[in-house]
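Next come the chains, spelled out residue by residue.
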Amino acid sequence: MKGIVHHAVYDTLADWETGHATAHLRSGRFQREPGAYEIVTVGLTTDPVVSMGGLRITPDLALDQLSPVDSALLILPGADLWDAGEALAPFARKAREFLEAGVPVAAICGATAGLAREGLLDDRDHTSAVVQYLEAQESYAGAKRYLDEDAVLDGDLITAGPTEPVAFAREIFRRLDIYRPEVLDAWFRLFSRSDASAFEVLMAA
């Protein structure tokens, strides 16, 4: 195994936003080095949660058991709860801990709002659904660093809007450096545009 990728899980999580990333990290296919990542789910507690799509998930560990030293990456999916109060604020605080330790964090959709409220986007390039969504978040002062792109990688932070799960996965793969550049390009062309010419590149990998 190459290490552990921690995936946050909570009620109402948008289960379609992270599937490309986790499936390909876990499979090890096309990667420049043999092996795969273990995907470990993290909840506020170990009590089961129910995703937006109705999937019932029992977290592998509770958030207070999670340390950056044990992780290669923390993934924060979107969820209705990000926009419904501060229930998920502990995950944003954990993201700060990860970033301060030099361990990457990948946030998509509503999770970017949580990071905005935590002040983690003020000094990093980032994206989200639209800049107005982040500007509506208390304490956000990062509009000058907002980029209108499908996904953004800035150092150890990856962000994306809710309609870009493939681009989100691409930037995760880029940060973890699991594919050669031509393979990463082919992977994205195949899964985002159904580009048949990319399939041969992947098979050669």
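Draft legend 1. Focus on the nonpolar core. Core analysis: the largest hydrophobic core is formed by 35 residues, its most contacted members being Y10, L76, F91, V105 and L115. Counting only elements with at least two residues in this core, the list comes to β2 (37-43), β6 (73-76), α2 (89-100), β7 (105-108), α3 (110-117) and α4 (131-135). Here the element with the most residues in this core is α2; it accounts for five residues. Once you skip the residues sitting within four places of it in the chain, L115 turns out to touch L76, A92, A95, A107, L120, L121 and L157.

Draft legend 2. Local environment of the sheet that holds β6. The sheet built from seven strands is open, its strands ordered β5-β2-β1-β6-β7-β9-β8 with mixed pairing. Whereas interior strands pair on both sides, the edge strands pair on one side only; in this sheet they are β5 (61-62) and β8 (151-154). Sheet topology places β6 next to β7; three bridges connect them, and they run parallel. Looking at the pairing, L74 lines up with V105 of β7. With respect to the sheet, α3 is in contact with β6, β7 and β9 (157-160), its orientation differing from that of β7 by roughly 120°. On the sheet, helix α5 (residues 165-176) packs against β2, β6, β7, β8 and β9 and is oriented at approximately 20° with respect to β8.

Draft legend 3. Quick peek at the pairing of strand β1 (residues 3-8). Across six bridges, β1 lies against β2 in parallel orientation. Bridge pairing links I4 to E38 in β2. Between the parallel elements β1 and β2, the chain passes through helix α1 (residues 19-27) in a crossover that is right-handed. One ladder, built from three bridges, connects β1 with β6; its direction is parallel. In the strand pairing of β6, H6 is matched with L74.

The rules we used
- All residue numbers here refer to positions counted from 1 along the written sequence of the relevant chain.
- Restriction of local features to residues with pLDDT of at least 70 applies here, the model being predicted, together with a cutoff of 80 or more for giving and counting side-chain atom pairs; totals for whole chains, interfaces and linings are based on all residues.
- Here the side-chain values reflect all heavy atoms present in the structure, with hydrogen atoms and water set aside.
- What is meant by a nonpolar core is a set of buried Ala, Val, Leu, Ile, Met, Phe, Trp, Tyr and Cys residues, joined one to another through side-chain atoms within 4.5 Å.
- Any residue under 20% of the maximum accessible area for its type is buried, any over 50% is exposed, and the rest in between are partly exposed; the area is computed with a 1.4 Å probe on protein chains only.
- The way it works is that DSSP assigns letters per residue, a run of H or I at least four long becomes a helix, a run of E at least two long becomes a strand, and they are numbered from the N terminus.
- The contact rule is simple, with two residues in contact once any of their heavy atoms fall within 4.5 Å.
- Here, a strand pair is defined by DSSP locating no fewer than two bridges between the strands.
- As a rule, the C-alpha atoms of each element are fitted with a line to give its axis, helices using only the stretch in contact, and angles between N-to-C directions run from 0 to 180 degrees.
- When the strands point away from the viewer and the path from the first strand over the helix to the second turns clockwise, the crossover is right-handed.

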